[in-house]
Amino acid sequence: METIVVVVHVIAAIAIVGLVLLQQGKGADAGAAFGSGASQTVFGSSGSGNFLTRSTSIAATVFFITSLTLAIFAKQNTSAGIVDGLPIVNPDLLTQPVAPASDIPQVDAGQSTSNAADVPAVPEDTASTPATTP
């Protein structure tokens, strides 16, 4: 079933590209190279505009439907995750406490967050004299 949807999807994509390339732009007389008046009589009195526009919209609708169908197929074929299938090498590591990942020390609930001893002092010679470049 999925193969059929992929084939229809590719055909719809090629059809959209071809139909868009065949259409005339507004104000552009690209059909004049093919004998502009004679080329529109093949599609009837209304010209090729309605036929190509309707065909493009049908191909685009088929393309969107097949895209959504392929997305549903892809969702059903995925597993829960890549980590679920991996073996645990050392289960003891799961029960050990993990060290904090930052260099900032942890503050206990009873300890003050601002401690003057933790703040480094600014050297006097760089703070008082302006920086000069030679």
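Structure's up top.
Small disclaimer: the values here were computed from a predicted structure and weren't measured.

## Some remarks on the overall build of the chain
Link 1 in the chain: In terms of regular secondary structure, the chain is built from four helices and zero strands.
Link 2 in the chain: The N-to-C order of helical and strand elements in the chain reads α-α-α-α.
Link 3 in the chain: Residues classed as buried in the chain amount to 10% of the 134 residues present.
Link 4 in the chain: Considering only contacts within the chain whose residues lie at least 6 apart along the sequence, 80% involve residues at least 24 apart.

## Some details on helix 1 (residues 2-22)
Link 1 in the chain: A rise of 1.5 Å per residue sets the reference length of helix 1, with its 21 residues, at 30 Å; its end C-alpha atoms lie 30 Å apart and thus fit the reference within 8%.
Link 2 in the chain: Taken together, the buried positions of helix 1 are occupied by Val 5, His 9, Ala 12 and Leu 19. When helix 1 is viewed along its axis, its buried side chains cluster within an angular range of 105 degrees and face the same direction. Pointing more than 90 degrees away from the buried face of helix 1 are the exposed residues Thr 3, Ile 11, Ile 14, Val 17, Leu 21 and Leu 22.

## Observations concerning a nonpolar patch on the surface
Link 1 in the chain: A surface patch of nonpolar side chains, amounting to about 320 Å² of accessible area, comprises Ile 4, Val 8, Ile 58 and Val 62.
Link 2 in the chain: Where the nonpolar patch is concerned, the elements lending two or more residues are helix 1 and helix 3 (48-77).
Link 3 in the chain: Mapped onto the elements, Ile 58 comes out in helix 3.

## Looking at the side chain of His 9
Link 1 in the chain: With respect to the helices and strands, the residue His 9 is situated in helix 1.
Link 2 in the chain: A polar contact is formed between the side chain of His 9 and the side chain of Thr 66, at a distance of 2.7 Å.
Link 3 in the chain: The residues contacting His 9, other than those within four sequence positions of it, are Phe 63, Thr 66, Ser 67 and Leu 70.

## A few points about the environment of Ala 13
Link 1 in the chain: On the secondary structure map, Ala 13 appears in helix 1.
Link 2 in the chain: For Ala 13 and Ala 60, which are 47 residues apart along the polypeptide, the C-alpha to C-alpha distance reads 7.9 Å.

## Considerations on the side chain of Thr 66
Link 1 in the chain: Positionally, Thr 66 belongs in helix 3.
Link 2 in the chain: Judged by its relative accessible area of 7%, Thr 66 falls in the buried class.
Link 3 in the chain: Only 2.9 Å separates the side chain of Thr 66 from the backbone oxygen of Phe 63, close enough to count as a polar contact.
Link 4 in the chain: Residues in contact with Thr 66, not counting those within four places in the same chain, are Val 5, Val 8 and His 9.

What counts, and at which threshold
- Residues numbered from 1 in each chain as written.
- Predicted model: local features only at pLDDT ≥ 70, side-chain atom pairs only at ≥ 80, totals over all residues.
- Heavy atoms only, no water.
- Helix = DSSP H or I, 4+ residues; strand = E, 2+ residues; numbered from the N terminus.
- Buried < 20%, exposed > 50% of the residue type's maximum accessible area, 1.4 Å probe, protein only.
- Contact = heavy atoms within 4.5 Å.
- Expected span 1.5 Å × (residues − 1).
- Arc of directions from axis to C-beta.
- Patch = residues over 30% accessible without salt bridge, like charges linked within 9 Å, V, L, I, M, F, W, Y side chains within 5 Å.
- Areas by Shrake-Rupley, 256 points an atom, 1.4 Å probe, with all protein chains shown as cover.
- Salt bridge = Lys/Arg side-chain N within 4 Å of Asp/Glu carboxyl O.
- Polar contact = N/O pair within 3.5 Å; in protein donor to acceptor, adjacent residues only side chain to side chain.

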